[in-house]
Amino acid sequence: MSTRKITGALLLGIGGLMMGNIGYIHAKAQLAQYLIADAWQQTIATGQPVPPWSWADFSPIAKLSFTSSKPLFVLKGSHGQSLAFGPGHLTNSTMPGDVGQVVIAAHNDSHFVELKNVHVGNIISLQSRSGITRHYRITDKTIFDVKQQMLRRSDRDELILITCYPFNNLRPNTPLRLVVRGTPIVPSTGITAKL
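Computed from a predicted model, the values in this text were never measured in an experiment. (Residues numbered from 1 in each chain as written. Predicted model: local features only at pLDDT ≥ 70, side-chain atom pairs only at ≥ 80, totals over all residues. Heavy atoms only, no water.)

**Let's talk about the overall build of the chain**
The test is simple: Think of it this way: any DSSP run of H or I at least four residues long counts as a helix, any run of E at least two long counts as a strand, and we number them from the N terminus. Categorising residues by exposure relies on relative accessible area from a 1.4 Å probe, with only protein chains included: less than 20% of the type maximum marks a residue as buried, more than 50% marks it as exposed, and the intermediate range marks it as partly exposed. What makes two residues a contact is simply this: any of their non-hydrogen atoms within 4.5 Å. Method for areas: the Shrake-Rupley scheme with a 1.4 Å probe, in which residue coverage is limited to the protein chains shown.
Looking only at helices and strands, the chain features 2 helices and 9 strands. When the helices and strands of the chain are read in sequence order from the N terminus, they spell out α-β-β-α-β-β-β-β-β-β-β. The 195 residues of the chain split such that 38% are buried. In the chain, the proportion of contacts linking residues at least 24 apart, taken out of those at least 6 apart, comes to 55%. Carbon together with sulfur atoms contributes 59% to the accessible area of the chain, which is approximately 11500 Å² in total.

Below, the structure written as structure tokens:
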């Protein structure tokens, strides 16, 4: 067998393995979404955090809805494992459903790809595990460099969504972040809508 044929067969085999791995990752991600959605329903019913599978070190704590796409389940924590399966709540920020600054982060090539399509004035809904839904109007979309500035903690009642920027970038871990801010439609008097 010639070197060319061996190289071609080897490349074809490697390509097949890569495609199979991509298919496996995609199937695993889809199954995870069903398990997380089921855990969310159990969480709403019981009011207690329910992990989507027994070895998960996270649980869904909120449901985030944009008007133009499927809802996303926000997971407790913003570490690598939870961010692989959904948007993560920064634990040092206010819990979803409470009055205060709620901060949620996600990857721009998966769960927060929708942020490139949201505009100032759009509405975002956030349902807490107690069943309370708060609606936020987007007031600002900015890009900042994490090397030059930090996101400041505030006492304001707002929702902040963060993802890497720019979208469709081939270089991972860029220092730029897209920050989307929303203020509650209902004033922070403790009045919220319940589903």
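**A word on the confidence of the model for the chain**
The following threshold applies: Each residue carries a pLDDT score, the predictor's own confidence in it, on a scale running from 0 to 100.
Summing up the model confidence of the chain, the mean pLDDT is 83 and the portion of residues at 70 or higher is 82%. Mean pLDDT per element in the chain: strand β9 (residues 193–194) is the minimum at 45, and strand β4 (residues 101–105) is the maximum at 96.

**Thoughts on the packing of aromatic side chains**
Rules: Centres within 6.5 Å make a pair out of two Phe, Tyr or Trp rings, where for Trp the six-membered ring is used; the pair is then stacked when the planes are under 30 degrees apart, edge-to-face when over 60, and tilted otherwise.
Within this structure, the stated rule accounts for 7 aromatic pairs. Ring plane angle 85° and centroid distance 6.1 Å describe the contact between Y165 and F167, whose orientation is recorded as edge-to-face. Residue F167 is classed as buried on the basis of its relative accessible area of 13%. A network of ring pairs unites the aromatic residues W53, W55, F58 and F85 as a single cluster.

**Some thoughts on the pattern of salt bridges**
The test is simple: Salt bridges are identified by distance alone: a Lys or Arg side-chain nitrogen within 4 Å of an Asp or Glu carboxyl oxygen.
The full count for this structure, using the stated rule, is 3 salt bridges. For R134, the salt bridge is made with D157, and the minimal N-O distance between the two is 2.7 Å. Of the two residues, R134 is situated in strand β6 (residues 132–145) and D157 in the loop between β6 and β7 (158–164); the sequence distance between them amounts to 23 residues. With a relative accessible area of 5%, R134 lands in the buried category. Classification of D157 as buried rests on a relative accessible area of 14%.

**Considering the pairing of β4**
Every other side chain in a regular strand lies on the same face of the sheet, so the side chains alternate between the two faces. Short version of the rule: A pair of strands is treated as paired once DSSP finds two or more bridges between them.
The element β4 is extensively covered by neighbouring structure, given that 5 of its 5 residues are classed as buried. The two faces of β4 match: Q101, V103 and A105 on one face and V102 and I104 on the other face are all buried. In terms of strand pairing, strand β3 (residues 88–89) meets β4 through 2 bridges, oriented antiparallel. Within the sheet, the bridge partner assigned to G88 lies in β4 and is A105. Where β4 meets β7, 5 bridges bridge the pair, whose relative direction is parallel. Counterpart to Q101 in the pairing with β7 is E158.

**Describing the side chain of S82**
Let me state the cut-off plainly: Identification of polar contacts relies on pairs of N or O atoms within 3.5 Å, with a donor-acceptor requirement for protein atoms, meaning one able to donate a hydrogen and the other able to accept it, and with residues adjacent in sequence counted only if both atoms are side-chain atoms.
By the element assignment, S82 lies in helix α2 (residues 80–85). Owing to a relative accessible area of 0%, S82 belongs among the buried residues under this scheme. A polar atom in the side chain of S82 sits 3.0 Å from the backbone oxygen of G77. Setting aside chain neighbours within four positions, we find S82 in contact with F58, L75, K76 and G77.

**A word on the environment of L72**
The topology assignment puts L72 in strand β2 (residues 72–76). Take L72: its relative accessible area is 13%, and that puts it in the buried class. Spatially, the C-alpha atom of L72 lies 9.8 Å from that of P60, the residues being 12 residues apart in sequence. Among all residues touching L72, those that are not within four sequence positions of it are A62, K63, L64, F66, P87, H111 and F112.

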